[in-house]
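Architecture at a glance
Take a look at the letters that make up each chain.
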Number of protein chains: 2
Amino acid sequence: MNLYGGIEAGGTKFVCMVGGGPDDIRAEVRFPTTSPVETIGHAADFFKQQAQEAHLAAIGIGSFGPVDLDPASPTFGYITTTPKPGWANTNFIGMLRAALDVPIVFDTDVNAAAFGECRWGAAQGLDPIIYLTIGTGIGGGVICNGKPLHGLVHPEMGHMLMRHDRELDPFPGVCPFHGDCFEGLASGPSMKKRWGQPAETLPDAHPAWNIEAHHIAVALANLVLNFSPRRIVVGGGVMQQAGLFPLVRRKTQQFLNGYVQSTQITERIDEYIVPPALGHRSGVLGAIALAMNFPSES
Amino acid sequence: MNLYGGIEAGGTKFVCMVGGGPDDIRAEVRFPTTSPVETIGHAADFFKQQAQEAHLAAIGIGSFGPVDLDPASPTFGYITTTPKPGWANTNFIGMLRAALDVPIVFDTDVNAAAFGECRWGAAQGLDPIIYLTIGTGIGGGVICNGKPLHGLVHPEMGHMLMRHDRELDPFPGVCPFHGDCFEGLASGPSMKKRWGQPAETLPDAHPAWNIEAHHIAVALANLVLNFSPRRIVVGGGVMQQAGLFPLVRRKTQQFLNGYVQSTQITERIDEYIVPPALGHRSGVLGAIALAMNFPSES
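Residues numbered from 1 in each chain as written. Chains lettered and ligands numbered in written order. Predicted model: local features only at pLDDT ≥ 70, side-chain atom pairs only at ≥ 80, totals over all residues. Heavy atoms only, no water.

Residue and element names in this part refer to chain B. Here H215 lies in helix α6 (residues 208-227). By relative accessible area, H215 is classed as buried at 1%. The contacts of H215, once residues within four sequence positions are left out, are M162, H164, D169, F182, L185 and A186. (Helix = DSSP H or I, 4+ residues; strand = E, 2+ residues; numbered from the N terminus. Buried < 20%, exposed > 50% of the residue type's maximum accessible area, 1.4 Å probe, protein only. Contact = heavy atoms within 4.5 Å.)

As structure tokens, then:
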């Protein structure tokens, strides 16, 4: 039987897994993200060792970015312009290929998570769908007509320009590029700057959460209007706050104001805007799902 | 040889065509949109007559909406909740099928135009791409991973909530659902209300055009960030204004502020945000392209 490898390459940690799905996890390892040579080397060693026990048919990577997903580009498979020290222009696929003779499928962390939630999680059998993560950064992946959405680069929906109600929230935002874009207004660091304390220390009754839900709902309304997704899966640290999902759902309905006539939105929004079903493993399992889909996703 | 039929079903006029592409137009007819029975009947008569001369392999429809594109829905192929008198809940496919024994492919007017521009026009060989029309209304279609983007309903990007600079433009917008959404701020009727005269009568040097370009560029920046399209084709009456494209392109670059690192945007935006190459025939030729793609698009 074929087994598959998955790498969730995050800015603070890597997760590597071998298996065939959430009910068939053969091995899993987590380690901190240090230098590219050390970190990718560590991943390669793990898979080399695993390959001695079972044939690895392919390895999927869901990486932090920005990344180059264009197979025709000379820097295909690179992490490109990241501000993360040492990681700009990292030939991720090349370094892994130098160590391993296994087909590799490369995508963004959020496209991998979206693909995983589509295959085994909260968006099974649905298309198109969006996976959004709201934490230190904000990013989104899209599965559309059966495949992850690539393009000129890849979606950067965390930088969406926002309807910003300055009476509700005069905060100018923290994005160095766009000020009050989605990430500038609603990421963890934005909340910390806005309120002078980390988001996770703000009490449930703090007005911060109403404002946070407002900003997230503006963005979700725009995602509904732009993509008409069949489900939106929202993960990330900020979404762990109790009570945030119901607030976000109600405000999304308010902003859409009955325009999108679907009972999914008007009556069953609890099933429409949902947390990931694969929990913190959406990304690495999604990377395995991408590998299982090889070569059609390559 | 097989021929194909196309219908561009607009709120003010229908265009019906038989042919095999822009260089092979066998017959074309235009008539005003009156009642559903009369207008769809007129279209059916045209194709019945044409079918006597050559076999029609399929007919594509690009329709004003909202429409039901879900084959599993009991109202698949209907124009659903349109405010256009007499047209709400019109069984478009059903009425055509009652008159014609030909496979029918049904989509939105803007998805058809997007598909046409992809096949023969300004976006040949590119994926994903967006077709946007800015006129009496604002709407967009998307081709992604080879097919038009459907979903819960279909994209309604004309109603995107906007970063609204109220110092530049204090106008509250005209959308009955969302006030200052994209259509509320930038459609033809919005310009007329804002300036007290129709857009096409505003002189080139009028400040209206700078503000109009601003709003369009906010929306285009968001489409770039959400979809990462390989090209955006922008049609519609408002875009006929001389000088609007260069203004829109420059402001889109300004709003993105170097974040999306692609030379398509930073250096070659003249080839990235472009008018339709099929002119006023994007829609009806797109409908023919959808028909030619049957059954894979049905």
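Our focus in this paragraph is the sheet that holds strand β2 (residues 13-19) of chain B. Residue and element names in this part refer to chain B. The five strands lie next to each other as β3-β2-β1-β4-β7, forming an open sheet whose pairing is mixed. Each edge of the open sheet is held by one strand with a lone partner, namely β3 (25-32) and β7 (104-108). On average, each strand axis in the sheet is inclined to that of its neighbour by 15°, with strand direction left out of account. Bridge analysis of β2 against β3 gives seven bridges, and the strand direction is antiparallel. For G19, the partnering residue across the bridge sits in β3 and is I25. Along the sheet, helix α1 (residues 36-51) contacts β1 (3-9), β2, β3 and β4 (56-63); its crossing angle with β2, the most-contacted strand, is approximately 15°. (Pairing = 2+ DSSP bridges. Axes fitted to C-alpha atoms, helices over the stretch in contact; angles between N-to-C directions.)

Outside of glycine, negative phi angles account for most residues, and trans bonds account for most peptide bonds. In this structure, P66(A) follows G65(A) across a cis peptide bond, with omega equal to 5°. Within the secondary structure layout, P66(A) lies in the loop between β4 (56-63) and β5 (78-79). Omega for the bond connecting D127(A) with P128(A) falls within 30 degrees of zero, at -5°, which places this linkage in the cis form. Tracing the backbone through its elements, the reader meets P128(A) in the loop between α3 (109-120) and β8 (129-134). Positive phi, normally seen in glycine, also occurs at N89(A), with a value near 55°. For N89(A), the location among the structural elements is in the loop between β5 and β6 (90-91). Positive phi, normally seen in glycine, also occurs at S228(B), with a value near 50°. Relative to the helices and strands, S228(B) is located in the loop between α6 and β11 (231-235).

The pair of chain copies shares a relation made of a rotation about an axis and a shift along it. Of the transformation placing chain B onto chain A, the axial shift is 0.0 Å and the rotation is 180°, giving an RMSD of 0.0 Å. What the rotation and shift describe, once combined, is the action of a two-fold rotation axis. Ranked by how close their C-alpha atoms come to the rotation axis, the residues of chain B are headed by R163(B), at 2.2 Å. When you check the interface residues of chain B against chain A, 100% turn up at the interface there too, and the contact is symmetric in its surfaces. (Least-squares fit on C-alpha atoms with pLDDT ≥ 70 in both.)

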